[in-house]
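Single-letter residue listing:
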Amino acid sequence: MTSAAPPRLAGRLTTLVIEARVDGDLALLAPRGELVHGCADTLAETLARLPAGIGRVDLDMAGVAFMDTAGLQFLDVLNDYSHRRAVPVTATNWNGQPRRILELAGLDTTDPLRSTAHRPPCPRPGPELAGIPAPARSAVALERSERLHDLQAEVEQLRHAIASRPVIDQARGILMATHGCTSDEAWHLLRETSQLSNTKLRAVAAAITSSAGNGGPPPPAALRAALRTALARLRR
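How each quantity is defined
- Along every chain, residues carry numbers that run from 1 in the direction the sequence is written.
- Reporting in this predicted model follows two pLDDT cut-offs: at least 70 for local features of residues, and 80 or more for side-chain atom pairs to be given and counted; totals over whole chains, interfaces and linings ignore these cut-offs and use all residues.
- Side-chain measures were taken over the full set of non-hydrogen atoms in the model, leaving aside hydrogen atoms and water.
- A helix here means a DSSP run of H or I that spans at least four residues, while a strand means a run of E at least two residues long, and both kinds are numbered starting from the N terminus.
- What a helix is expected to span follows from its residue count: subtract one and scale by 1.5 Å.
- Relative accessibility under 20% of the residue-type maximum defines a buried residue, over 50% an exposed one, and the middle range a partly exposed one, all with a 1.4 Å probe and only protein chains included.
- Between any two strands, at least two bridges found by DSSP are needed for them to pair.
- The handedness rule is simple: strands pointing away from the viewer, and a clockwise path from the first strand over the helix to the second, make the crossover right-handed.
- The salt bridge definition used is simple: a Lys or Arg side-chain nitrogen within 4 Å of an Asp or Glu carboxyl oxygen.

### As for helix H8 (residues 201-212)
Reasoning step 1: With 12 residues, H8 ought to run about 16 Å at 1.5 Å a step, and its terminal C-alpha atoms sit 17 Å apart, in line with that.
Reasoning step 2: Residues Val204, Ala205, Ala207, Ile208 and Thr209 constitute the buried set of H8.

If you want it as structure tokens, here you go:
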């Protein structure tokens, strides 16, 4: 039994698929993909299709490659199911970026459901919080708001990094082939060229990649000068 999230939006890594297996009164769920918009609905549909008499639900989260703040809603759905059905639910084997998000949220990275068992749903940012004077907010609400802000900033940085990685990897390969340098040295060249020219790293990589194609335009003069300086420093 599997459930899939709605079709992914542009820029998404992969959609969410949840594989479910029932062994007696134990339900084993294995989500794969991203915990992004729509993931909570996909999970709710999967849980609703579990047969009656389930006494425990275990989720193996090793297949989750990316998570944004929608992942907190995913955990809330699990927590609500556990309370309504009076059955234990675990979500273990978190890795990589999703584990980092749990850390930022102050949750147990071994099994975040342990730390969400007594946690009210995470408030969503909006005018209802912004319009309330700070003295009127509880310390708990302030802490959650700050954590959510940190989560959103972290996710945005990760999305930019993921979007930029292909062109940066291509530029590194071009520098390695052109200048006979190692992968680490090519990365150093990109970073130093970016700093010397005051240009974003992705823009430097894109200019180098474009210039390598047939009839591609050469990088701007400022980038060429910065790259020459970076190369000279590397060869010293």
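Now that the structure is up, let's keep going.
### Brief notes about helix H7 (residues 183-197)
Reasoning step 1: Between the first and last C-alpha of H7 there are 21 Å, a value that for 15 residues agrees with the 21 Å anticipated at 1.5 Å per step.
Reasoning step 2: Three or more residues of H7 are buried, namely Ala186, Leu189, Leu190, Glu192, Thr193, Ser194 and Ser197.
Reasoning step 3: Asparagine 198 sits one or two positions beyond H7 and adopts a positive phi of about 55°.

### Section: the pairing of strand E3 (residues 26-35)
Across a regular strand the side chains alternate sides, sitting on one face of the sheet and then on the other.
Reasoning step 1: As paired elements, strand E2 (residues 17-23) and E3 share seven bridges and run antiparallel to each other. Paired with isoleucine 18 across the two strands is proline 31, which belongs to E3.
Reasoning step 2: Taken together, E2 and the strand that follows it, E3, pair antiparallel across an intervening segment of two residues, in which glycine 24 is found at a positive phi of about 65°.
Reasoning step 3: Pairing of E3 with strand E4 (residues 56-60), which is carried by four bridges, proceeds in the parallel orientation. Bridge pairing in E4 places leucine 26 opposite arginine 56.
Reasoning step 4: After leaving E3, the chain enters helix H1 (residues 39-48) and then returns to the sheet as E4, a path that is right-handed.
Reasoning step 5: Where E3 and strand E5 (residues 63-67) come together, four bridges link them in parallel fashion. Opposite glutamate 34, over in E5, you have phenylalanine 66 as the bridge partner.

### Some points on the pattern of salt bridges
Reasoning step 1: Applying the stated rule across the entire model yields six salt bridges.
Reasoning step 2: The shortest N-O distance in the salt bridge between arginine 100 and glutamate 103 comes to 3.8 Å. Residue arginine 100 and its partner glutamate 103 are located together in helix H3 (residues 96-104), separated by three residues, close to a single helical turn.
Reasoning step 3: Accessibility expressed as a relative area gives 35% for arginine 100, which makes it partly exposed.
Reasoning step 4: Given the relative accessible area of 42%, glutamate 103 is considered partly exposed.

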